[in-house]
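Here's the letter readout for the chains.
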Amino acid sequence: MFIKKAILAVLMTAALAGCETQTEGQQRATTGALIGGAGGALVGQAIGGNTKSTVIGAASGALLGAVVGSATTPTEPRGQLCRYQDRYGRIYTAPCDDRYYRGEY
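The structure reproduced in this document is the subject of the present report. (Residues numbered from 1 in each chain as written. Predicted model: local features only at pLDDT ≥ 70, side-chain atom pairs only at ≥ 80, totals over all residues. Heavy atoms only, no water.)

## Some details on the pattern of salt bridges
Counted by the stated rule, this structure contains one salt bridge. Two residues, Asp86 and Arg90, come together in a salt bridge whose shortest N-O distance is 2.9 Å. The exposure class of Asp86 is partly exposed, given its relative accessible area of 21%. (Salt bridge = Lys/Arg side-chain N within 4 Å of Asp/Glu carboxyl O. Buried < 20%, exposed > 50% of the residue type's maximum accessible area, 1.4 Å probe, protein only.)

## Thoughts on the pairing of strand S2 (residues 91-95)
Direction of pairing for strand S1 (residues 81-85) relative to S2: antiparallel, over a ladder of five bridges. Residue pairing for S2: Tyr84 is matched across the bridge by Tyr92. In sequence, S1 turns back onto S2 through a hairpin of five residues, with Gly89 there showing a positive phi of about 90°. (Pairing = 2+ DSSP bridges. Helix = DSSP H or I, 4+ residues; strand = E, 2+ residues; numbered from the N terminus.)

## Remarks on the state of the cysteines
Under the counting rule described, the total for this entry stands at one disulfide. In this model, Cys82 is linked to Cys96 through a disulfide, with the two sulfur atoms separated by 1.8 Å. The sign of the S-S torsion, about 100°, decides the handedness of the disulfide formed by Cys82 and Cys96: right-handed. With Cys82 in strand S1 and Cys96 in the loop between S2 and helix H4 (98-101), this residue pair connects regions lying 14 residues apart in the sequence. Exposure class is identical for Cys82 and Cys96. Each is buried. (Disulfide = S-S within 2.5 Å.)

## Details of helix H3 (residues 51-71)
A turn of α-helix holds 3.6 residues, and therefore any two residues three or four places apart point the same way. Between its first and last C-alpha atoms H3 spans 30 Å; for 21 residues at 1.5 Å apiece the expected length is 30 Å, and the two agree. Buried within H3 we find Thr54, Gly57, Gly61, Gly65 and Gly69. One side of H3 carries all its buried residues, which in axial view fall inside an arc of 80°. Among the exposed residues of H3, those pointing more than 90 degrees away from its buried face are Lys52, Val55, Leu63, Leu64 and Ala71. Where H3 is buried, its residues touch helix H2 (24-48). (Expected span 1.5 Å × (residues − 1). Arc of directions from axis to C-beta. Contact = heavy atoms within 4.5 Å.)

## Focus: the side chain of Thr73
In this fold, Thr73 is placed in the loop between H3 and S1. The exposure class assigned to Thr73 is buried, which follows from its relative accessible area of 19%. Sequence-distant contacts of Thr73, defined by excluding residues within four places in its chain, comprise Glu24, Gly25 and Arg28.

Keep in mind that these numbers describe shape and distance, not what the molecule does.
So this is what it looks like as C-alpha cells:
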C-alpha cells in the first residue's frame, strides 16, 4: 500500500512540474480540463449513479473545460506590425506604437 502511495506522489509531482514551462493558453486549458473533469465526474455520478456515468461525465467535462480554458485565453495584441510612411514618402513596417492600440489613428 505504501508503494502505491509513493508512486502516486511521484507521478503527481512530475505532472505538476511539467506545468511550469507551459504557455498561458496551455495553463488555462489544463486548469479548465482539471476543473471540468472534476465537475463532470460529480455530475455524472449524481445523474447516473454508476462508474460508467462518472467516467463519461469526467471525460466530457475535461474536454469542455479544456476547450473553454483555451478559447478564453486573452491574446496580446502587441507585436503587430504597422505600415508607416517617412517624410520622403517611403513606406516601411515597424512595430505599432501605443496610438494604434488606443485607437487614435
